[in-house]
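Coordinate analysis (summary)
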Amino acid sequence: MNYSAIKLTAPIKDYLWGGMRLVTDYGKKTDKEKAAESWELSTHPDGESIVSRGEFKGLTLSEYIKANGGDECIGHRAAGFDFFPILIKFIDAKDNLSIQVHPDDEYALRVEGEYGKTEMWYIVDCEEDSFLYYGVNREVSKDEFRERIENNTLLEILNKVPVKKGDVFFMPSGTIHAICSGILICEIQQNSNTTYRVYDYDRRGADGKPRELHIEKAIDVSRLTPSQISETANSDTLASCKYFTVKKVVCENTAEFTVDSDCFRSLTVTDGCGKLELNGDITELSKGDTVFIPAQNATVKLSGDFEAIIAYV
Ligand SMILES: [Zn+2]
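All values reported here derive from a predicted model rather than from experimental measurement.

Cut-off values and rules
Residues numbered from 1 in each chain as written. Predicted model: local features only at pLDDT ≥ 70, side-chain atom pairs only at ≥ 80, totals over all residues. Heavy atoms only, no water. Buried < 20%, exposed > 50% of the residue type's maximum accessible area, 1.4 Å probe, protein only. Helix = DSSP H or I, 4+ residues; strand = E, 2+ residues; numbered from the N terminus. Arc of directions from axis to C-beta. Contact = heavy atoms within 4.5 Å. Domains from an automatic or database assignment. Buried area = accessible area lost by both parts, 1.4 Å probe. Phe/Tyr/Trp six-rings, centres within 6.5 Å; stacked < 30°, edge-to-face > 60°. Pairing = 2+ DSSP bridges. Core = buried A, V, L, I, M, F, W, Y, C linked by side-chain atoms within 4.5 Å. 1 Å grid on protein atoms, 1.4 Å probe; cavity = no way out; pocket = protein on both sides within 12 Å on 5 of 7 lines; lining within 4 Å. Points joined across faces, edges and corners; volume = space filled by probe spheres on them. Nonpolar A, V, L, I, M, F, W, Y, C, P; charged D, E, K, R; others polar. Polar contact = N/O pair within 3.5 Å; in protein donor to acceptor, adjacent residues only side chain to side chain.

Within the span of helix α6 (residues 142-150), buried status applies to Glu-144, Phe-145, Arg-148 and Ile-149. Mapping the buried residues of α6 onto a view down its axis gives an arc of 135°, with all of them on the same face. Summarising the geometry of α6, the exposed residues directed more than 90 degrees from the buried face are Asp-143 and Glu-150. Packing partners of the buried residues in α6 comprise β13 (196-199) and α7 (215-221). A positive phi of about 60° marks Asn-152, the residue just after α6.

Right under this line is the structure:
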């Protein structure tokens, strides 16, 4: 089967810590007052990507897949999962995100009825002296963890890591983490929206009340020994695990890559602009765009000057 590349429109989430850069710099449109996240490749019921052009314009990504061969369209490696396996987002952290943790598959399927969340962050842009939190900075007992959540001293035992543009962080489920202010990332993650909030800087939500914390569940799933940070900024392959593989592609003038019938590919433009050609059909690409390429044996030709992230299973 020869499929065209499918350009997607992302739903926008207006979480309280978000900025407006996704609108001003990354071509997103919204009526909301904040554009914290854009869900670039999503079949998640909390916000599905929509086909933005061509014959299937207006369908959700899952409706498009269903109407176009289902398992064949996503490829057998992706079809081997119970749900569509990945979710890709841009996240614009104008303010700090809460300190949080995600469960693994076993816990999440049992308690929440969806997958756990292992995720990967690609730092698309950031302010000078930006940092994030990644795991604990020493061995901590569950009792100490609970005590520090209760007396607001949790930050003291977290591993604070400076970041720069182009850095990559692989975040296995169970790693306590937070994206801090001034960072814009592209996140590739398992298709899950289960987050246990541990600490929220004592902030209030839009309704004036503190946002809910999920302390007991967080204590259940958090890894309380320091973890090795796997930063892989020097290779084309940014991450590879059983849930996803992520590669960086740099197009200077022209470039190409092959796709196969084993799995779909998604391509998200993180900088620059250009064109993508597949089966004679041309798709214009600008910074912030995401394209879904159904599983098939073909060569994708790129032209222009841009950087993009390709993800698949
Ligand atoms: Zn997270």
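Our focus in this paragraph is the domain arrangement of the chain. Interface size is commonly expressed as the accessible surface area that is lost when the partners come together. When cut into domains, the chain gives domain 1 (6-235) and domain 2 (240-312). For domain 1 versus domain 2, the separation of C-alpha centres amounts to 22 Å. Taken together, the contacts link 36 residues of domain 1 with 31 residues of domain 2. Buried surface at the junction of domain 1 and domain 2, both sides included, amounts to about 2,700 Å², of which 64% is carbon and sulfur.

Right, let's get into the packing of aromatic side chains. A complete count under the given rule lists 13 aromatic pairs for this structure. With a centroid separation of 5.0 Å and 85° between ring planes, the pair formed by Phe-83 and Tyr-115 is classed as edge-to-face. Of this pair, Phe-83 sits in the loop between α4 (76-79) and β5 (86-93) while Tyr-115 sits in the loop between α5 (105-111) and β7 (119-126), and the two are 32 residues apart along the sequence.

This part covers the sheet that holds strand β2 (residues 12-13). Here 6 strands make up an open sheet; going across it, the order is β2-β3-β5-β12-β7-β10 and the pairing antiparallel. Here the strands that pair on one side only, and so sit at the sheet edges, are β2 and β10 (168-171). One ladder, built from 2 bridges, connects β2 with strand β3 (residues 37-41); its direction is antiparallel. If you follow Lys-13 over to β3, its bridge partner there is Glu-37.

A few words on unusual backbone geometry. Phi at Asp-129 is positive, roughly 65°, even though this residue is not glycine. Here Asp-129 lies in the loop between β7 and β8 (131-136). Positive phi is not limited to glycine here, since Tyr-201 has a value of about 55°. With respect to the helices and strands, Tyr-201 occurs in the loop between β13 and α7.

A separate point is the environment of Asp-95. Within the secondary structure layout, Asp-95 lies in the loop between β5 and β6 (99-101). For Asp-95, a relative accessible area of 34% translates into the label partly exposed. Linking Asp-95 and Cys-241, residues 146 residues apart in sequence, is a C-alpha distance of 30 Å. With sequence-adjacent residues up to four places away left out, Asp-95 is seen in contact with Leu-16, Trp-17, Cys-180, Ser-181 and Arg-203.

Moving on: the nonpolar core. Judged by nonpolar contacts, the single largest core of 59 residues is most densely connected at Met-120, Phe-264, Leu-276 and Phe-292. Split by domain, the residues of this core number at least three in each of domain 1 (6-235) and domain 2 (240-312). Excluding residues within four positions of it along the chain, Met-120 makes contact with Val-168, Phe-169, Phe-170, Cys-186, Glu-187, Ile-188, Leu-238, Ala-239, Phe-244 and Val-246. In this structure, Ile-157, Ala-218, Ile-219 and Leu-224 belong to the second largest nonpolar core, which totals 22 residues.

Moving on, we come to the layout of surface pockets. Put simply, the largest pocket is a space of about 370 Å³. Along the walls of the largest pocket sit 22 residues, with Tyr-15, Glu-37, Gln-100, Thr-195 and Arg-197 positioned nearest its centre. The set of elements that each furnish at least two residues to the lining of the largest pocket consists of β5, β7 and β11 (177-179). Here the element with the most residues in the lining of the largest pocket is β11; it accounts for 3 residues. Partitioned by chemical class, the residues of the lining of the largest pocket number 8 nonpolar, 7 polar and 7 charged.

Structurally, the position occupied by Gln-189 is in strand β12 (residues 183-190). Setting aside chain neighbours within four positions, we find Gln-189 in contact with Pro-85, Ile-86, Leu-87, Lys-89, Lys-117, Thr-118, Glu-119 and Phe-244. At 3.4 Å, the side chain of Gln-189 and the side chain of Lys-89 are in polar contact. Separated by 3.0 Å, the side chain of Gln-189 and the backbone oxygen of Ser-192 make a polar contact.

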